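# Summary of the model geometry
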Amino acid sequence: MYRLAGFLGLACLLSASPVAAQGPCRMSLQLALDVSGSVDAREYRLQLDGVAQALLDPEVQDAILAMPQVPVALSIFEWSGRRSQRLLSEWKLMRAPADLQALADRLRRTTRREMSVSTGLGTAMLFAGARLGTAPPCSRNVLDISGDGKNNDGPRPQDTDAAALSGLNVNALVIGPNRPGAVGAQAHETEELIAYFRAYVLRGPDAFVEIAVGYDAYAEAMKRKLLKELQVIVLGQAEEPSRN
């Protein structure tokens, strides 16, 4: 099994974060965006702007802000190769529409930086696992990892140390190629990628894969994914008193 001592050290250094000392939240949610070499400049912009669009969608906002007394904590990072992770947004408790607007504005202002062209999917998962040490105490911890390819750099997802991902639910947004009329192997690329993420990336109860057929469909896929995650946790919190 692989361990990333550097990431664990980073988590320790950041564990004194002011957010970590605040009250409980119902879910910590990390959005991990694939910026490897398969993602061109246009697709990069569609991805970041797509997240911004999804966060400002009225249904998503209602779900995120449904319980301000136990808010959702959001954090966003980009990833490519095993040594390439870039934090775009530190943990932030979402208590009001202005919090979501500020995060969306930050994403829309973000420009691309040079990073590895390879795909370190397992390392991105370990990076997210280490960052739980900086998160506020939450009832549920979720990683949303977007990707359009299989791991080709660093530890494979199936070889990651389970202890390093303990307590982290991992869902995936698979971005398949938009190739109408494709035949042969190309016709089955998306299905193969979905099977790969289901077999090796998903972690935890009720983990699932959402699908975007091309980056033009990314914003809507992200909206569907967020609604599924957020509505489940809101319903769970709402039903809790009736069990007592």
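Anything mentioned here points back to the structure above.
What counts as what
Residues numbered from 1 in each chain as written. Predicted model: local features only at pLDDT ≥ 70, side-chain atom pairs only at ≥ 80, totals over all residues. Heavy atoms only, no water. Helix = DSSP H or I, 4+ residues; strand = E, 2+ residues; numbered from the N terminus. Buried < 20%, exposed > 50% of the residue type's maximum accessible area, 1.4 Å probe, protein only. Contact = heavy atoms within 4.5 Å. Areas by Shrake-Rupley, 256 points an atom, 1.4 Å probe, with all protein chains shown as cover. Core = buried A, V, L, I, M, F, W, Y, C linked by side-chain atoms within 4.5 Å. Pairing = 2+ DSSP bridges. Axes fitted to C-alpha atoms, helices over the stretch in contact; angles between N-to-C directions. Expected span 1.5 Å × (residues − 1). Arc of directions from axis to C-beta. Phe/Tyr/Trp six-rings, centres within 6.5 Å; stacked < 30°, edge-to-face > 60°. Lys NZ or Arg CZ within 6 Å of the ring centre and 35° of its normal. Disulfide = S-S within 2.5 Å.

## So, the overall build of the protein
- The number of helices and strands found in the protein is 7 helices and 6 strands.
- Shown N-terminal to C-terminal, the secondary structure of the protein runs as helices and strands in the order α-β-α-α-β-β-α-α-β-β-α-β-α.
- Across the 244 residues of the protein, 53% fall into the buried class.
- Within the protein, counting contacts between residues at least 6 apart in sequence, those at least 24 apart form 83% of the total.
- Per element, the accessible surface of the protein, about 11,000 Å² overall, is 53% carbon and sulfur.

## Topic: the nonpolar core
- Judged by nonpolar contacts, the single largest core of 38 residues is most densely connected at Val51, Leu55, Ile64 and Leu226.
- Going through the elements one at a time, strand E1 (27-34), helix H2 (41-56), helix H3 (58-64), strand E2 (72-79), strand E3 (85-94), helix H4 (97-109), strand E5 (169-176) and helix H7 (218-239) are the ones with two or more residues in this core.
- Excluding residues that lie within four positions of it along the chain, Val51 makes contacts with Leu31, Leu33, Ile76, Leu107, Tyr218 and Met222.
- Listed in part, the 24 residues of the second largest apolar core include Met125, Phe127, Val174 and Ile194.

## A look at the sheet that holds E5
- The 6 strands lie next to each other as E3-E2-E1-E4-E5-E6, forming an open sheet whose pairing is mixed. Two strands lie at the open edges of the sheet, namely E3 and strand E6 (209-213), each paired on one side alone. Direction aside, neighbouring strands of the sheet carry axes that sit 15° apart on average.
- As judged from the 5 bridges shared by E5 and E6, these two strands associate in the parallel manner.

## What about helix H6 (residues 189-200)?
- Its 12 residues give H6 an end-to-end C-alpha distance of 16 Å, which sits within 8% of 16 Å, the value for a rise of 1.5 Å per residue.
- Restricting attention to buried positions, one finds in H6 the residues Thr190, Leu193, Ile194, Tyr196 and Phe197. Angularly, the buried residues of H6 cover 160° about the axis, an arc narrow enough to put them on a single face. Away from its buried face, by an angle of more than 90 degrees, H6 presents the exposed residues Arg198 and Ala199.
- On the buried face of H6, the contacting elements are helix H5 (121-131), strand E4 (141-147), E5 and E6.

## Observations regarding the packing of aromatic side chains
- The tally for this structure, following the rule as stated, stands at 4 aromatic pairs.
- Measuring from centroid to centroid gives 4.8 Å for Phe77 and Phe127, while their planes differ by 65°, and the two rings are edge-to-face. Of the two residues, Phe77 sits in strand E2 while Phe127 sits in helix H5, which places them 50 residues apart along the sequence. The exposure classification of Phe77 matches that of Phe127, with both residues buried.
- Taken together, a centroid distance of 5.9 Å and an interplanar angle of 70° make the contact between Tyr196 and Phe197 edge-to-face. You'll find Tyr196 and Phe197 in the same group, each marked buried.
- Ring pairing ties together the aromatic residues Tyr196, Phe197 and Tyr200, which thus form one cluster.
- Here Lys228 stacks its cationic end above the ring of Phe208, 4.2 Å away from the centre of that ring.

## Some remarks on the state of the cysteines
- Tallied over the full model, the rule gives 1 disulfide.
- With a sulfur-sulfur separation of 1.7 Å, Cys25 is cross-linked through a disulfide to Cys138. Between Cys25 and Cys138, the S-S torsion sits near 75°, and that sign places the bridge as right-handed. With a gap of 113 residues between them, Cys25 in the loop between helix H1 (5-14) and E1 and Cys138 in the loop between H5 and E4 connect regions that are remote in the sequence.
- The buried category is assigned to Cys25, whose relative accessible area is 2%.
- What makes Cys138 buried here is its relative accessible area of 18%.

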